[in-house]
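# Coordinate analysis (summary)
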Amino acid sequence: RDCKDPFWSRDGTRIFYVSPAGNAEGLWAVGAAGGSPQVVLKNVSAAALSPDGNTLALLREDNDQGNFFLSLWTSSPPGAEPVRYARAPLAEKRFATGFLRYAPDGSKIGLWAAATSNEAQKEKGYANPEFWIVPLPSGEPRAALQSVSGLPDPAPFSWMPDGQRIVFGAEFP
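## Some thoughts on the overall build of the protein chain
When helices and strands are counted, the protein chain shows 1 helix and 14 strands. The buried share among the 173 residues of the protein chain stands at 41%. Long-range pairs, those at least 24 residues apart, make up 36% of the contacts in the protein chain between residues at least 6 apart in sequence. Working note: accessible area of the protein chain is about 9,400 Å², and carbon and sulfur atoms make up 51% of it.

## Focus on the confidence of the model for the protein chain
Of all residues in the protein chain, 86% have pLDDT values of 70 or greater, and the mean over the chain is 87. The model gives residues 118-124 a pLDDT under 50, and that stretch makes 6 contacts with residues more than four places away or in other chains.

## Some thoughts on the nonpolar core
A general tendency of soluble globular proteins is for nonpolar side chains to be buried together. Of all hydrophobic cores here, the largest spans 16 residues; its most connected members are Leu90, Leu100 and Leu111. At the level of elements, strand 5 (46-49), strand 6 (56-61), strand 7 (70-75), strand 9 (97-102), strand 10 (108-115) and strand 11 (127-135) are the ones that each hand at least two residues to this core. The element that contributes the greatest number of residues to this core is strand 10, accounting for 3 residues. Not counting residues up to four positions away in its chain, the partners in contact with leucine 111 are Leu59, Leu90, Phe95, Phe99, Leu100, Glu130, Phe131, Trp132 and Phe157.

Definitions and limits used
Residues numbered from 1 in each chain as written. Predicted model: local features only at pLDDT ≥ 70, side-chain atom pairs only at ≥ 80, totals over all residues. Heavy atoms only, no water. Helix = DSSP H or I, 4+ residues; strand = E, 2+ residues; numbered from the N terminus. Buried < 20%, exposed > 50% of the residue type's maximum accessible area, 1.4 Å probe, protein only. Contact = heavy atoms within 4.5 Å. Areas by Shrake-Rupley, 256 points an atom, 1.4 Å probe, with all protein chains shown as cover. pLDDT = per-residue confidence, 0-100. Core = buried A, V, L, I, M, F, W, Y, C linked by side-chain atoms within 4.5 Å.

Pasting the structure below:
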């Protein structure tokens, strides 16, 4: 099966990735030396592992309803029942696609995501790309980039070592 968005476990013994798991996408893990892959969590569209390896950040559908509207969740320890992120204003947001990354020091999550509409998909891709900074373990999430003309569709990104900037490769409209 195809997979996307692979990342290493903290100890380097497993590789996590998103791939179909039944009727929806799920988070899988396989040993770095091979073996049989196992589903870690179902209903996962994107995931990131904290630098200490204790928490997964996830984008998933609410109640596994097949509505394709994703929200932010966490699973701690990884594989435990996910808990939906509850701090406003991000708690009310729903996305069609997105990418998550923990900052190198684990103090925050970067979330680059976008809502979608049928009209937007026909013309230029996703509507309203937004980049959110989610401070951890507490603090107010904030939109670092929101409704900026010319912002490209969400793309995989990495934090710079200083945890203040990101790098990404994307096509600008």
